[in-house]
Amino acid sequence: MGLTASVLAIDAGNSKTDVAVVAADGEVLATARGGGFRPPVVGIGPAVDNVAEAVARAFTEAGVSSVEHVSACLANADFPVEEEQLAVALHARAWGTSVEVRNDTFAVLRAGIPEPRGVAVVCGAGINCAGMRPDGRTARFPAIGRISGDWGGGWGLAEEALWHAARAEDGRGGPTALARTLPAYFGLDSMYALIEALHLEHVTNERRHELTPVLFATAADGDPVARSIVDRMAEEVVAMATVALTRLDLLDEEASVLLGGSVLAARHPQLDDRIRELLAAKAPKAVATVVTARPVLGAVLLGLDHVGAVAEAHVRARAYYEH
């Protein structure tokens, strides 16, 4: 050991962490995967410990002990103060000479475009949006839930579906097939039984997100209430994208809108079609694309951007992840 690679790329999400050690010419020397990154739940130290385990494996495989630059795209880095705290924690590990921390939405954005120009909307457990220009300007949202004005994401969609289904069954709301399909997913015969099971944790809280695909299936079968929830999700995606494009002065020129996260990557036809329809009306020059590359590629490319790597290095790194 003792050799120095160019970039350590880290993409750390709520459920998993991907790392890569990359040479200055874009060759990926080693990769590793670790567990989820959740500083609000476990604290910054233990969260970084989780990343450290994956980094140690990647360093060993690459035969290096440090890098020139650490490019970290991290979940829960929602405010600049959080990025600074996490950057300090990563710098203390002495993995690299310099450290840059960004929210993990930037990884999806950079993975989907040849230069850092456009916006990305990520809809997984929650919803977030970030935009960049090559001159370094960014646009972003706090994206921490309802208190920051957010609606939707996998958890939000499941909660909304449950709300409508409960009211349909007890008469406070109009009819919807969700009152049948949601409990049926867990082998139950009524919303009352599902509400009781969730409240008493016979069905754990973590499993609520499993109801999001049920919502989309119910919408695909034509249920008006389910379809209205899906349409609202499309409206939220386009609202975030349009605001970010406007902030970056990209609304009136051709720019990419990258769509990522489990909900958008699933390519639900109704959601896909409605997003493109609304974008055509509100941002007619925007080009929407679903990002299929692993987000760690974005962290790699941002790292190569930082160290001033040549264009061929970016091409080589992208080829590794898109082969």
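Check the secondary structure of the chain and you find 13 helices and 10 strands. The principal-axis extent of the C-alpha atoms belonging to the chain is close to 70 × 45 × 35 Å. When contacts within the chain are restricted to residue pairs at least 6 apart in sequence, long-range pairs at least 24 apart make up 67% of them. Within the chain, one finds 28 positive and 41 negative side-chain charges whose respective centroids are separated by 2 Å.

The backbone of Asn-76 shows a phi angle near 70 degrees, a positive value even though the residue is not glycine. Looking at the secondary structure, you find Asn-76 in the loop between β4 (64–74) and α3 (80–91). Positive phi outside glycine occurs at Arg-267, with the angle close to 55 degrees. With respect to the helices and strands, the residue Arg-267 is situated in the loop between α10 (262–265) and α11 (269–282). Take Arg-267: its relative accessible area is 42%, and that puts it in the partly exposed class.

Okay, the pairing of β4 next. In terms of burial, β4 is a largely internal element, 8 of the 11 residues being buried. Bridge count between β4 and strand β5 (residues 96–103): 7 bridges; the pairing is parallel. In the strand pairing of β5, Val-67 is matched with Gly-96.

Under the counting rule described, the total for this entry stands at 2 aromatic pairs. Ring plane angle 85 degrees and centroid distance 4.9 Å describe the contact between Tyr-185 and Phe-186, whose orientation is recorded as edge-to-face. Note on Tyr-320 and Tyr-321: the rings are 4.9 Å apart at their centroids and 80 degrees apart in plane angle, and the pair reads as edge-to-face. With relative accessibility at 12%, the residue Tyr-321 sits in the buried group. Just above the ring of Phe-106 sits the side chain of Arg-102; from NZ or CZ to the centre is 5.3 Å. Just above the ring of Phe-141 sits the side chain of Arg-247; from NZ or CZ to the centre is 4.7 Å.

Turning our eyes to something else, we now look at the pattern of salt bridges. Tallying each qualifying case throughout the model produces 14 salt bridges. Here Arg-274 ties to Glu-277 by a salt bridge, and the two come within 2.8 Å at their closest N and O atoms. One end of the pair, Arg-274, and the other, Glu-277, are both in helix α11, 3 residues apart, so they sit about a helical turn from each other. Accessibility expressed as a relative area gives 22% for Arg-274, which makes it partly exposed. Taken together, the salt bridges that share partners define one network made up of Asp-18, Arg-33 and Arg-294.

Quick notes on the rules
- Residues numbered from 1 in each chain as written.
- Predicted model: local features only at pLDDT ≥ 70, side-chain atom pairs only at ≥ 80, totals over all residues.
- Heavy atoms only, no water.
- Helix = DSSP H or I, 4+ residues; strand = E, 2+ residues; numbered from the N terminus.
- Contact = heavy atoms within 4.5 Å.
- Lys, Arg positive; Asp, Glu negative; His and termini not counted.
- Charge placed at Lys NZ, Arg CZ, Asp CG, Glu CD.
- Buried < 20%, exposed > 50% of the residue type's maximum accessible area, 1.4 Å probe, protein only.
- Pairing = 2+ DSSP bridges.
- Phe/Tyr/Trp six-rings, centres within 6.5 Å; stacked < 30°, edge-to-face > 60°.
- Lys NZ or Arg CZ within 6 Å of the ring centre and 35° of its normal.
- Salt bridge = Lys/Arg side-chain N within 4 Å of Asp/Glu carboxyl O.

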